[in-house]
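Read off the chains here:
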Amino acid sequence: MAGYVQRNGISTGYHDPLKIFCIYLCEDEKEVAILVFDLLTIPENFPRKIENTELIPVATHTHSGPKPDLVRDILESYAEKALLGAKQSASDLIKVTVRRFAVSDVCDFRDKPESSAIPARLIEFETVERLFSILLFPCHPTVLGPENLLYSSDLIGSIREKLRATLNHPVVFLNSCCGNISTHRTRRDRSFSEVERLSDLFLDQFSPVTVCQILKPEGLLIVEREFEVRFVQKNINELMLDERDLPGALLLKKRINSPKNSRVRISFLKMNPLKFVFVPFELFFEFSRLIPLDAPVFIACYANSPASYVVPKSVKSGYEWLASPYSDDTEMNLLALVSDELKKL
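Owing to the predicted nature of the structure, the values given are computational and were not obtained by experimental measurement.

Strands belonging to one sheet form pairs held by backbone hydrogen bonds; the direction of such a pair is parallel or antiparallel. With mixed pairing, 4 strands are arranged side by side in an open sheet as β14-β15-β16-β18. Pairing within the sheet leaves two strands with one partner each, and these edge strands are β14 (218-230) and β18 (297-300). Sheet twist, expressed as the average angle between the axes of neighbouring strands with direction ignored, equals 20°. The pairing of β14 with strand β15 (residues 261-272) spans 11 bridges and is antiparallel. Residue pairing in the sheet places Glu226 in a bridge with Arg265 of β15. Against the sheet, helix α7 (residues 330-344) engages β14, β15, β16 (274-278) and β18, with an angle of about 160° to β14.

So, in structure tokens, the structure goes:
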């Protein structure tokens, strides 16, 4: 199983089925599919196309799923079937409605002493034949801990299913900038019953307010850019490590022989005027507040390939800093690329 460096043992079964969702978009000759998997990350070298359809694969970041690279062939097969089903059921898009709301006590900032309401977005797509929504919510779905050996979509899956029952249409979850947001301070224990308690609390606060409506959005465009990250070695000899830091220290030791740099893929999707950015990294929440906004912009993390935390330059300790293999300037370099590309879209 993937997600916890200190987990012992292999999966003994499943608590709830892991799912794949496919959002198929087409306009004229352009075809794009957003594939969402209940996984920790997207495996290395996942296909970028199926026939003529460009793919944007995204993981929900459950820590209770299989190691992605071990099931890549299975994922590719399921992706083909999901895309075929989405194409067969596709119909003309009539309207997109963006709604916002916020929830408290479900998850919270790990690096702030005070509690905060965490913002969420619900993007509803109305087609000729059906409705579906995207829930964009920044939250590490880590109610279940390393002692759990059952496959599960964790908190995200429970929220997703309860919203589906409430809205009476499918809901697809995209995780956003949640590098410093989790259930660490809000969960009472690490049980499946706690997953249900927190998802009920989320639903109790679900009162979305409409931000905008777009009739028949046009101008489907996908742009992909490579981003180079530089790996560095970190000296922790003088750091005082607490219990939460230890998994990060273990990860640091494992990457002694890391490469000096690597390239990852950033995907930009436009449905005028909506813009989506898909990155592989775990970004801190504040990154989303640094993006200059001239149109609705939505950032989804854990896309395209496996990657690690990108921490602000000011962060020099803690689990996230230890787990991140990247240089201090990575966040600002990424911000420059994303901001520049959004201006061009």
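Next, the rest of the story.
Because each turn of an α-helix spans 3.6 residues, side chains separated by three or four positions in sequence point in the same direction. With 14 residues, helix α2 (residues 154-167) should reach 20 Å at 1.5 Å per residue; the first-to-last C-alpha distance of 20 Å fits that figure. Every buried residue of α2 is listed here: Asp154, Leu155, Ile156, Gly157, Ser158, Ile159, Arg160, Lys162 and Leu163. Among the structural elements, β2 (20-27), β9 (131-137), β11 (171-175) and α3 (192-204) are those in contact with the buried residues of α2.

With that settled, the discussion passes to the pairing of strand β8 (residues 118-127). Consecutive side chains of a regular strand alternate in pointing toward one face of the sheet and then the other. Counting buried residues along β8, 7 of its 10 residues qualify, which places the element largely inside the surrounding structure. Where strand β6 (residues 93-103) meets β8, 10 bridges bridge the pair, whose relative direction is antiparallel. Each bridged residue has a counterpart across the sheet, and for Arg100 the counterpart in β8 is Arg121. With 6 bridges connecting them, β8 and β9 associate as antiparallel partners. The residue of β9 that forms the bridge with Glu124 is Ser133. Hairpin connection, β8 to β9: the antiparallel pair is bridged by 3 residues.

Calculation notes
Residues numbered from 1 in each chain as written. Predicted model: local features only at pLDDT ≥ 70, side-chain atom pairs only at ≥ 80, totals over all residues. Heavy atoms only, no water. Pairing = 2+ DSSP bridges. Helix = DSSP H or I, 4+ residues; strand = E, 2+ residues; numbered from the N terminus. Axes fitted to C-alpha atoms, helices over the stretch in contact; angles between N-to-C directions. Contact = heavy atoms within 4.5 Å. Expected span 1.5 Å × (residues − 1). Buried < 20%, exposed > 50% of the residue type's maximum accessible area, 1.4 Å probe, protein only.

The values are spatial; any link to function lies outside them.
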